[in-house]
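Structural overview
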Amino acid sequence: YGLTFSACILKVCNIFAMLRVIVADDTGLVKEIPVANPKDQRKFRRQDRDHVVIASSLHENELLLATSNGSLELLDLDEDDTIAQELVTGLIDIVAVEYNGNKAIVALANGEVMVYNQDFEEELKLKAHMTINAMHWDPVSNKIAVGGNDADLRVWDLSDTRQACFKAKNVKNDMLNLQVPVNIKGVAFVPQSNGTKVITVSAHRHVRLYDTALKKRPIYSVEPHDRALSCVCVASDGKRAVVGDVAGNVTMLDVETGRAIGNFKGHAGSVRDVVFHTSENMVATVSLDRNVRLFNAGTRQLIRKIYTKQRLNCVALTSEPYEAAVVAKAVASEGKRTSQAAEDVDSEDEVWGAMAQVQGDEEGEPLPAAIPEPVKTLPTARKPKAKKAKKAAAKIKSKATVKGKGKGKANK
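The rules behind these values
Residues numbered from 1 in each chain as written. Predicted model: local features only at pLDDT ≥ 70, side-chain atom pairs only at ≥ 80, totals over all residues. Heavy atoms only, no water. Core = buried A, V, L, I, M, F, W, Y, C linked by side-chain atoms within 4.5 Å. Buried < 20%, exposed > 50% of the residue type's maximum accessible area, 1.4 Å probe, protein only. Helix = DSSP H or I, 4+ residues; strand = E, 2+ residues; numbered from the N terminus. Contact = heavy atoms within 4.5 Å. Polar contact = N/O pair within 3.5 Å; in protein donor to acceptor, adjacent residues only side chain to side chain. Patch = residues over 30% accessible without salt bridge, like charges linked within 9 Å, V, L, I, M, F, W, Y side chains within 5 Å. Areas by Shrake-Rupley, 256 points an atom, 1.4 Å probe, with all protein chains shown as cover. Salt bridge = Lys/Arg side-chain N within 4 Å of Asp/Glu carboxyl O. Pairing = 2+ DSSP bridges. Axes fitted to C-alpha atoms, helices over the stretch in contact; angles between N-to-C directions. pLDDT = per-residue confidence, 0-100. Phe/Tyr/Trp six-rings, centres within 6.5 Å; stacked < 30°, edge-to-face > 60°.

It is worth spelling out the nonpolar core at this point. Among the nonpolar cores identified, the biggest contains 16 residues, and L72, L91 and Y116 are the most heavily contacted of them. Within the residue set of this core, elements represented by two or more residues are β5 (62–67), β6 (72–76), β8 (94–99), β9 (104–108) and β10 (112–116). Ignoring anything within four residues of it in the chain, the contact list for Y116 reads L72, V88, L91, N102, K103, A104, V106, E121, E122 and E123.

Encoded structure:
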């Protein structure tokens, strides 16, 4: 029985039991929320609106945080310490960070990009653009893509930073011969493209796909929503992209054609961040309604909605077996419990076997008569007080007769 129960426990503890959602809010808190049991969450850092988390990057169990006061902090999710280690200070207007355990890349709003080694010593400082609102790093090709307000897409190869390896060219002028405005809010490399394909979203509702190996103008430019777009992410297969806007709309697109596949419903307020799971068919979103939502990327159905009390800025997903030890303990405790139950059963059999038989318990002998239980009688209902009613009626009658006599005398 114990083995069967343990097998059932291990089967139930699938990806949803191990999966954790990491969110950062606008009060400075970082929360680690198990999807299987959201109430069993951990909180990191202290609430401080001067040290709000602007951006984050998760690598295994290490979370790199960029704060509003210009510092970089590293948080180890496996440690018991809930205070992040401050590594770099004095940066101004951080907009994005990327981290892979050996290298950290930071983009600033003034167009500068800094590269740090694993000891967080500055290796490279680059003027990547005039302004930057979004940045993404492709570790495979070692390229970064940046863009901002009136700053169209640029791609840099970090192994050769003498000049940008790609500078995007804007689409043709509109029907009034006016330049189409550019204000990039999100950028992402398409996986399995060796850093040649980049997708961008802008505050002017444009979703554009660039192939740096073909041409400088985008392959397509579509407008899935009528509101400003805020974020984008691409699935690990490189075939699907998810974009969010400031009105709570989240849409999945076909990367190759730009065609809308479907919507993820239920959001209220601006969508701050979206992320694909690295191996599972799952999408996580956070918005100003203080909820983190998990969707099935195939059916676009809501899997889990978790209320976090604060407005969220960024989200990350991990499938590392963080709860494996807890599951092992649960299985071990269940095994001990079943073995203890078996021992208790054996001991109870011994006790019953050692007890003396009651006289008359053998076959053919009558058992002693059971003591009858006392019969409980219900209280009887009270009879109406007829005597009092008769006395009251007699008094009223006597008063009426007295008044009648008085009136007769007065008439006479």
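Structure shown, so let's carry the discussion forward.
With respect to the helices and strands, the residue E32 is situated in strand β2 (residues 30–34). A distance of 2.4 Å separates the side chain of E32 from the side chain of R20, its partner in a polar contact.

The next thing to look at is the environment of T131. With respect to the helices and strands, T131 occurs in the loop between β11 (122–127) and β12 (134–138). Residue T131 is classed as partly exposed on the basis of its relative accessible area, which comes to 28%. Between the alpha carbons of T131 and G147 there is a distance of 7.2 Å; along the sequence they are 16 residues apart. Excluding residues that lie within four positions of it along the chain, T131 makes contacts with A109, N110, G111, G147, G148, N149 and A151. A polar contact is formed between the side chain of T131 and the backbone oxygen of N149, at a distance of 3.1 Å.

For the rest of this paragraph, the subject is a nonpolar patch on the surface. A contiguous nonpolar surface patch, about 410 Å² in accessible area, is contributed by M175, L176 and L178. Among the secondary structure elements, L176 is positioned in the loop between β15 (166–167) and β16 (184–189). We classify L176 as exposed; its relative accessible area is 63%.

Okay, the sheet that holds strand β3 (residues 42–44) next. Spatially, 4 strands are ordered β3-β2-β1-β28 in an open sheet, and the strand pairing comes out antiparallel. If you trace the sheet from one side to the other, it starts and ends with β3 and β28 (312–318), each paired once. On average, each strand axis in the sheet is inclined to that of its neighbour by 20°, with strand direction left out of account. Pairing of β2 with β3, which is carried by 3 bridges, proceeds in the antiparallel orientation. Paired with K31 across the strands is K43, a residue of β3.

Of the residues in the chain, 75% reach a pLDDT of 70 or more, and the chain-wide mean stands at 82. Considering only residues more than four positions removed or in separate chains, one finds that residues 360–365, a stretch of pLDDT under 50, has 5 contacts. Note on residues 367–371: pLDDT under 50 across the span, and 3 contacts to partners over four residues away in sequence or across chains.

On to the packing of aromatic side chains. The final tally for this structure, using the stated rule, is 3 aromatic pairs. An angle of 20° between the planes, with centres 6.1 Å apart, marks the rings of Y99 and F120 as stacked. Taken together, the residues span a long stretch of sequence, with Y99 in strand β8 and F120 in the loop between β10 and β11 at a distance of 21 residues. Classification of Y99 by relative accessible area gives buried; the value is 7%. Residue F120 is classed as buried on the basis of its relative accessible area of 10%. Judged by centre distance (5.1 Å) and plane angle (65°), the ring pair of F264 and F295 falls under edge-to-face. Of this pair, F264 sits in strand β23 (residues 260–264) while F295 sits in strand β26 (residues 291–296), placing them 31 residues apart in sequence. We classify F264 as buried; its relative accessible area is 2%.

In this section: unusual backbone geometry. One non-glycine residue, D150, adopts positive backbone phi at about 55°. One can find D150 in the loop between β13 (143–148) and β14 (151–157). Given the relative accessible area of 57%, D150 is considered exposed. Of note in this structure, N194 is not a glycine but carries a positive phi near 60°. Tracing the chain through its elements places N194 in the loop between β16 and β17 (197–202).

Our next topic: the pattern of salt bridges. This structure, assessed with the given rule, holds 9 salt bridges. Across the pair D237 and R240 runs a salt bridge, and its minimum N-O distance is 3.6 Å. We classify D237 as partly exposed; its relative accessible area is 29%. Through salt bridges that share partners, R20, E32 and R42 make up one connected network.

As summarised here, the arrangement of the 4 strands in space is β12-β13-β14-β15, forming an open sheet in which the pairing is antiparallel. If you trace the sheet from one side to the other, it starts and ends with β12 and β15, each paired once. In this structure, β14 lies alongside β15, joined through 2 bridges in antiparallel fashion. Bridging from a neighbouring strand, R154 pairs with K167 of β15.

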